[in-house]
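Notes for the structure review
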Amino acid sequence: MHIIESGNVAAAMGVQLSRAQVIAAYPITPQTPLTEKLSELIESGDMNAEYIPVESEHSALAVCIAASTAGARAFTATSANGLLYMHEQVHWAAGARLPIVMCVVNRGVGAPWTIWNDHQDAMSQRDTGWIQMYACDHQQIIDTVIKAFRLAETVRIPVMVCYDGYLLSHTYMPFEVPDSNRVDGFLPAYEAERFLDPENPANFNTVTLPEPRPDLQGHTMPGYMEFRAMLQDDMRRVLKTAADIEETFAAQFGRGSDPYIETYRCEDADYIAVCLGSLAYRFRDVVDDLRQEGIPVGVAAVRLYRPFPDQAICERLGHAKQLIVFEKAVSYGYQGPLCADVKAALYNSTNDKEQRSEVSGYVLGLGGRDIKTLDLLNALRTSCSPQSASAPLQWLGLKNQE
Amino acid sequence: MAYIHNETDIFTELMGATSVHTSEKDMKKDIIEIRWHGRGGQGAITAAKIVAKAAFESGYRGVVMVPTFGTERRGAPVMTSLKLSREKIYDLSPSLNPDMVVVLDHLLLEEVDVAAGLKPGGWMIINTADDPDAFTFENIRTAVADIHHIAEEAGLPQGIVNSGIIGAFAKASGLVDMDVLSRIIRETFAGVKPEENVRSACLAYDRTRTGGVK
Amino acid sequence: MQGNTSILNLPKDEFVHPGNRACSGCGLSIAYRIGLKALGRETILVVPPSCLTVLQGLYPIASTKLPCVNVTFASTAAAATGVLGALRAMNRKGVQVAAWAGDGGTGDIGIQALSGAAERGDDFIYICYDNEAYMNTGVQRSGTTPHGALTTTTPIKGKPQGKKDVPAVMAAHNIPYVASCSAACPLDLFDKIQKAKTISGTKYIHIHTPCPSGWGFDPRYTVKMGKLAVESGLVDLYEIENGCFRLTGTSKSLLAGKKMKDIEPYFRSQGRFKRLSNEDISQLRRTVTNKWETYRKTYEA
Amino acid sequence: MTNEAVTGKFSYSRPGPGDGGRTGSWRVLKPVMDYGRCTPARKQTEACFLCWLYCPEGVISREVPPTIDYEYCKGCGICAEQCPTGAIQMVEETGKDPKEE
């Protein structure tokens, strides 16, 4: 069944279909309609879950952490400063290996206050040990939420499903709502192997020493660093698991794309725009247009940002003369984080420096700055000229203050 | 069910207008853009959503509705852009050069440049008691309906204009069949006077008056 | 509720293993040991960073025999709500949730989450052991450190401000049960936790908990110090059940006419109060006298 | 994924004694019971048990007569302080196993 609804409602329906059992959230623009919809679904009886109207984002994730430790499927959602207010909990959830799913409705962060879209909020949580997936449209939002639960529970690592505030959260477009029974088949009930249980008492997240320590039976158990190495190993394994899940989903629902990078006209492209989220779709019209001019361009949407699909970047995009990263975040004092990641990925792609793709970066759309199709077109066209030197950070859409 | 009133004519006409007046190279697919102006709380988004659903059911694969968000509160001017196309639409930016403009409250004309960017030959659809010829937009076709009174006559409380304006839009644009719209209005307002809302839209459809191009 | 429990009918089950890392003579250890007897086996504990985190054990060994989740400092009450939500969502009945946090974790960094949970009326017992400073990090002042006490962040003159009345803050949330107890009066503590178990909604239990290391007295006097605080009218044992305030145990006896001890020995036997002048103590004495005058006027009938 | 595979990935501790080691070694003074003064020992019946009630470590048995687990007793002296009959004395540690005395 297709419906026309907002991106936030698409996310809420994904959570409903995923049968999340405990939901806790605190209102923040532009996430609010998502949690409003979930509370409505629960209050009306259309969804069977506990909705906890917490007093802060910090508590929202606290509820999810505890509920997940007790064995329930837990969900929360936030944006911008709400996500930053959760920050220590974000780390905690990953370290405790809890399969929580959180929607991050991307918004710029203060100061100064902004309510509009960019990706600085999610980027600032990049190194927390969460899987990060980005959606380009409403269909991907609803599908990704469902896939995220399965992925999280398979690898015991929490997942952020990121989608653009306003651009996706508050726009309306048609999308197909997956059949509930088929979702149940795809995503069976969550069974925690270990949970808070008086029949089998244990202490979770106990202080852990720098060095391994024997348990009561004399077995050597991990120190803090071993736990962290396991998280890293498992995060790298997510690349395989995510691909398997994407394949299963596609087989069951007849829909899906590359789990890592969704490419458009990249196969024979010499110049490829690389982006996260809805911007990648926005670029498709630009690519079509430049192709009409005879310029061999393509666009790639990075869908899985952590773990970073470095190998796929090399294999799928490494043939291009130049990769031009367009992103809505800055690692202040360096360059755009995605740009840096793409470069790092390509570093190992070939030993022949001449063969390696050049990478340049644009930062645009911060705090909701309007992105004009013409600007995208001109920027990409300029970058496509063989004479253009690659620059790590160029501002796009910045207005002179004279 | 998916019968589209005057579909081909309107499409050709609108697209023709687009191509004539685009100064730079037209990068867009064939997209019809309708910009809705209302006030916070007036239901412009709901109205545009109803049209979006009807258009999707009528065969438009590309349907995108983009509210423009600031920090508006109830009563402040708001705007939403509805884009319709035969193909998936990727551009989620607001309509700067709409083919049609729908104004839910004629007093907005004094506050907002509702005609900004409206393509020559495009439609301006206004909720007003005035005559269509009272408006002097250059090279624009005007359609008017007195939705405030029509809605009251239909049995709606004062100020409910978003269902009625859909009728005026349907009449002027000819884009979507009134039967489809009526059904979706009924579904949308299932809990709040569905029949009255449908009646308001249908009455508005019948009583919409159009002026010539100035 | 008076004296429901005697030593002889106190449960023999122990829920804390010996050989844990608590300091010698730890007041928390007494309160925790007796408190867990009252809570019983069908309990899930939620614990933020505090001395209890250390007492609980280091991976992979736990000193507590009940299931327990360690959570971030500011999130205790919200986490308790989360466990509760999961139990309800999964239809696991007959298990109660108890949060157990220190005074800083409760009255300072944890107050927002606690206030939120109390406002929602979430059905768990929140227990605060109040040793009147951040003891786990090495005796820094907290909101509940009393006036004049030396801590490592009020090292010379003592804390200039007074003690935050956290039970009163919780009572202002109109929750069904608030109790004030002492680690030195374990039977009173036991009875109050037992009562809290029978009440639905948010229950708050505040335990005055002497700390020999942080307060500067010999570990053998932990119980004596706690009792002295009660007997001299400084710390009151009470409960507020559905808004109805009642003194209990020794505090009730004081109201009934039992002779109250002077406050001076309590202050003079702790290193942390060595900067208090005789005048300070006279001032404190007047405060205590006024408080008890109010009690007498209000509750004697 | 097996249970172990999951539980081995995060800090999950099982209950057991002696997390802090044999904390009896922390003692400077050692409580010694004089059963001639101890009420339950003297009366050979369940009584008093204040030492058991107040012991922070739970290392005094609730038996007739009560005994002290010196392996874990930290020697705080609360039992000696609270014993109403003065049956518990804190004595210098000799370094010898008290059971041998």
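No experiment lies behind these values; they were computed from the predicted model shown. (Residues numbered from 1 in each chain as written. Chains lettered and ligands numbered in written order. Predicted model: local features only at pLDDT ≥ 70, side-chain atom pairs only at ≥ 80, totals over all residues. Heavy atoms only, no water.)

1. Considerations on the overall build of chain C
Regarding its fold elements, chain C presents 12 helices and 9 strands. The C-alpha radius of gyration computed for chain C amounts to 18 Å, which stays within 12% of the reference 19 Å derived for 301 residues, consistent with globular compactness. For chain C, the spread of C-alpha atoms along the three principal axes comes to 60 × 45 × 40 Å. For chain C, buried positions account for 63% of its 301 residues. Here the analysis covers contacts within chain C between residues at least 6 apart in sequence; of these, 68% occur between residues at least 24 apart. When the accessible surface of chain C is split by element, carbon and sulfur atoms take 54% of a total near 10,500 Å². Of note, chain C has its 36 positive side-chain charges centred 3 Å away from the centre of its 24 negative side-chain charges. (Helix = DSSP H or I, 4+ residues; strand = E, 2+ residues; numbered from the N terminus. Rg over C-alpha atoms; globule rule 2.2 N^0.38 Å. Buried < 20%, exposed > 50% of the residue type's maximum accessible area, 1.4 Å probe, protein only. Contact = heavy atoms within 4.5 Å. Areas by Shrake-Rupley, 256 points an atom, 1.4 Å probe, with all protein chains shown as cover. Lys, Arg positive; Asp, Glu negative; His and termini not counted. Charge placed at Lys NZ, Arg CZ, Asp CG, Glu CD.)

2. Here's the deal with the packing of helix H11 (residues 310-317) of chain A against helix H12 (residues 337-347) of chain A
Residues and elements named next belong to chain A. Interaxial distance between H11 and H12 falls to 8 Å at its minimum, and their mutual angle equals 75°. Classified by the interaxial angle, the pair formed by H11 and H12 is roughly perpendicular. Each of Asp310, Ile313 and Cys314 in H11 lies in contact with H12, whose residues at this interface are Val342, Ala345 and Leu346. Grouping the constituent residues of the contact of H11 with H12 by class yields 5 nonpolar, no polar and 1 charged. (Axes fitted to C-alpha atoms, helices over the stretch in contact; angles between N-to-C directions. Parallel < 35°, antiparallel > 145°, perpendicular 65-115°, else oblique. Nonpolar A, V, L, I, M, F, W, Y, C, P; charged D, E, K, R; others polar.)

3. Thoughts on the interface of chain D and chain C
Chain D puts 38 residues into the contact, and the matching count from chain C is 42 residues. Of all residues in chain D, Asp19, Trp52 and Leu53 of chain D bury the most surface against chain C, accounting for 21% of the area lost on that side. Here chain D and chain C share 4 salt bridges between them. Two residues, glutamate 46 of chain D and lysine 12 of chain C, come together in a salt bridge whose shortest N-O distance is 3.9 Å. Where chain D packs against chain C, one counts 21 residue pairs in polar contact (both at pLDDT 80 or more). Every element with two or more residues in the side of chain D that touches chain C is listed here: strand E1 (12-15), helix H3 (50-54) and helix H4 (78-82) of chain D. Considered class by class, the residues forming the side of chain D that touches chain C number 20 nonpolar, 11 polar and 7 charged. (Buried area = accessible area lost by both parts, 1.4 Å probe. Salt bridge = Lys/Arg side-chain N within 4 Å of Asp/Glu carboxyl O. Polar contact = N/O pair within 3.5 Å; in protein donor to acceptor, adjacent residues only side chain to side chain.)

4. Overview of unusual backbone geometry
Glycine aside, a negative phi is what most residues show, and trans is what most peptide bonds show. Look at the link from threonine 29 of chain A to proline 30 of chain A: it is a cis peptide, with omega at 0°. Here proline 30 of chain A shows up in the loop between strand E2 (22-24) and helix H2 (32-43). Proline 60 of chain C follows tyrosine 59 of chain C through a cis peptide bond whose omega is 0°. If you trace the backbone, proline 60 of chain C turns up in the loop between helix H2 (51-56) and strand E2 (61-62). In the Ramachandran plot, glutamine 44 of chain D falls in the positive-phi region, its phi being about 50° despite a non-glycine side chain. Turning to its location among the elements, glutamine 44 of chain D is positioned in the loop between helix H2 (39-43) and H3. According to the relative accessible area criterion, glutamine 44 of chain D is exposed, its value standing at 56%.

5. Structural notes on the sheet that holds strand E12 (residues 261-264) of chain A
Residues and elements named next belong to chain A. One open sheet accounts for 6 strands, arranged E12-E14-E13-E16-E17-E18; its pairing is mixed. Each having just a single partner strand, E12 and strand E18 (394-396) make up the two edges of the open sheet. Looking at each pair of strands side by side, their axes are set apart by 25° on average, direction ignored. With 6 bridges joining them, strand E16 (residues 322-327) and strand E17 (residues 358-364) adopt parallel strand pairing. By the bridge assignment for E17, phenylalanine 326 is matched with tyrosine 362. Contacts from helix H13 (residues 373-384) reach strand E13 (271-275), strand E14 (297-302), E16, E17 and E18 within the one sheet, and its direction differs from that of E16 by about 155°. (Pairing = 2+ DSSP bridges.)

6. Things to note about the interface of chain B and chain A
With 24 residues of chain B in contact, the opposing surface of chain A contributes 24 residues. Of the roughly 2,200 Å² buried at the junction of chain B and chain A (both faces included), carbon and sulfur atoms supply 65%. Along the contact surface separating chain B from chain A lie 3 salt bridges. When the shortest N-O distance is used, the salt bridge between aspartate 137 of chain A and lysine 88 of chain B registers 2.8 Å. A breakdown of the residues in the side of chain B that touches chain A according to their chemical character gives 12 nonpolar, 3 polar and 9 charged.

7. A closer look at the layout of surface pockets
By rolling a water-sized probe across the atoms, one finds the places where empty space is left. Approximately 1,000 Å³ is the volume attributed to the second largest pocket. Forming the walls of the second largest pocket are 35 residues, and the residues nearest its centre are Pro33, His170 and Tyr172 of chain A together with Ile45 and Phe69 of chain B. Looking at the lining of the second largest pocket, the elements that each hand over two or more residues are strand E1 (2-6), helix H1 (7-17) and H2 of chain A together with helix H2 (44-57), strand E2 (62-68) and strand E3 (77-85) of chain B. Of the residues that constitute the lining of the second largest pocket, the class distribution is 11 nonpolar, 15 polar and 9 charged. (1 Å grid on protein atoms, 1.4 Å probe; cavity = no way out; pocket = protein on both sides within 12 Å on 5 of 7 lines; lining within 4 Å. Points joined across faces, edges and corners; volume = space filled by probe spheres on them.)

8. Topic: the pattern of salt bridges
This structure, assessed with the given rule, holds 68 salt bridges over all chains. Taking the shortest distance from any N to any O, the salt bridge between aspartate 370 of chain A and lysine 372 of chain A comes out at 2.8 Å. In this structure, aspartate 99 of chain B and lysine 119 of chain B form a salt bridge, with 3.0 Å as the shortest nitrogen-oxygen distance. Of this pair, aspartate 99 of chain B sits in the loop between E3 and strand E4 (100-103) while lysine 119 of chain B sits in the loop between helix H3 (108-111) and strand E5 (123-127), and the two are 20 residues apart along the sequence. Of the two residues examined, aspartate 99 of chain B and lysine 119 of chain B, each falls in the buried class. Among the charged side chains, a network of salt bridges with common partners joins Arg97, Asp234 and Arg237 of chain A together with Lys9 of chain D.

9. Side note on the side chain of glutamine 89 of chain A
Relative to the elements of secondary structure, glutamine 89 of chain A occurs in helix H5 (residues 87-95). At 3.1 Å, the side chain of glutamine 89 of chain A and the backbone oxygen of histidine 58 of chain A are in polar contact.

10. Topic: the side chain of arginine 107 of chain A
Residue and element names in this part refer to chain A. Take arginine 107: it is sitting in the loop between strand E5 (101-106) and helix H6 (120-123). It turns out arginine 107 is buried and unbridged, and the closest side chain with the opposite charge, aspartate 121, is 6.9 Å from it. Side-chain polar atoms of arginine 107 contact the backbone oxygen of threonine 29, separated by 2.6 Å. Within the local environment of arginine 107, its side chain forms a polar contact with the backbone oxygen of threonine 114, the two atoms lying 2.9 Å apart. With sequence-adjacent residues up to four places away left out, arginine 107 is seen in contact with Ile28, Thr29, Pro30, Ser79, Ala80, Trp113, Thr114, Ile115, Trp116, Asn117, Asp118 and Asp121.

11. Looking at empty space enclosed by the protein
Residue and element names in this part refer to chain D. Tallying each qualifying case throughout the model produces 8 cavities of 30 Å³ or more. Roughly 90 Å³ of internal volume is contained in the largest cavity. In this structure, the largest cavity is lined by 14 residues; those nearest its centre are Cys38, Pro40, Cys48, Cys51 and Cys83. For the lining of the largest cavity, the secondary-structure elements that each account for two or more residues are H2 and H3.

12. Remarks on the sheet that holds E2 of chain C
With mixed pairing, 11 strands are arranged side by side in an open sheet as E2(C)-E1(D)-E9(A)-E3(C)-E1(C)-E4(C)-E5(C)-E7(C)-E6(C)-E8(C)-E9(C). Edge positions in the open sheet fall to E2 and strand E9 (244-247) of chain C, since each of these has one partner strand only. Judged from the 6 bridges that link them, strand E6 (residues 177-182) of chain C and strand E7 (residues 203-208) of chain C form a sheet pairing that is parallel. Looking across to E7 of chain C, one finds that tyrosine 177 of chain C is bridged to lysine 203 of chain C. Helix H7 (residues 186-198) of chain C rests against strand E4 (96-102), strand E5 (125-130), E6, E7, strand E8 (238-241) and E9 of chain C of the sheet, and its axis sits at about 165° to E6 of chain C.

13. Here we look at the confidence of the model for chain C
Averaged over chain C, the pLDDT score is 96; the fraction of residues at 70 or greater is 99%. The ipTM, which scores confidence in the relative placement of chains, is 0.91 for this predicted complex, and the corresponding pTM is 0.94. (pLDDT = per-residue confidence, 0-100.)

14. Concerning the packing of helix H3 (residues 76-89) of chain C against helix H5 (residues 111-120) of chain C
The relative placement of two packed helices is expressed as an angle between their axes plus a distance between the axes. Residues and elements named next belong to chain C. Across the interface, H3 lies against H5 with an axial gap of 6 Å and an inter-helix angle of 40°. By the angle between their axes, H3 is oblique relative to H5. Here Ala77, Ala78 and Thr81 of H3 lie close against H5, whose contacting residues are Ala113, Leu114, Ala117 and Arg120.

15. Section: the arrangement of the chains
Contacts are most numerous, across the 4 pairs of chains in contact, for chains C and D. One finds no contact between chain B and chain C; the C-alpha atoms of the two approach each other to within 28 Å at their closest.

16. Structural notes on the pairing of E13 of chain A
Consecutive side chains of a regular strand alternate in pointing toward one face of the sheet and then the other. All names here are of chain A. Burial analysis of E13 places 5 of its 5 residues in the buried class, the great majority of the element. Both faces of E13 are covered, namely the face carrying Tyr271, Ala273 and Cys275 and the face carrying Ile272 and Val274. In this sheet, E14 lies alongside E13 in parallel orientation, the contact comprising 5 bridges. From the neighbouring strand, isoleucine 272 faces E14, where its bridge partner is glycine 298.

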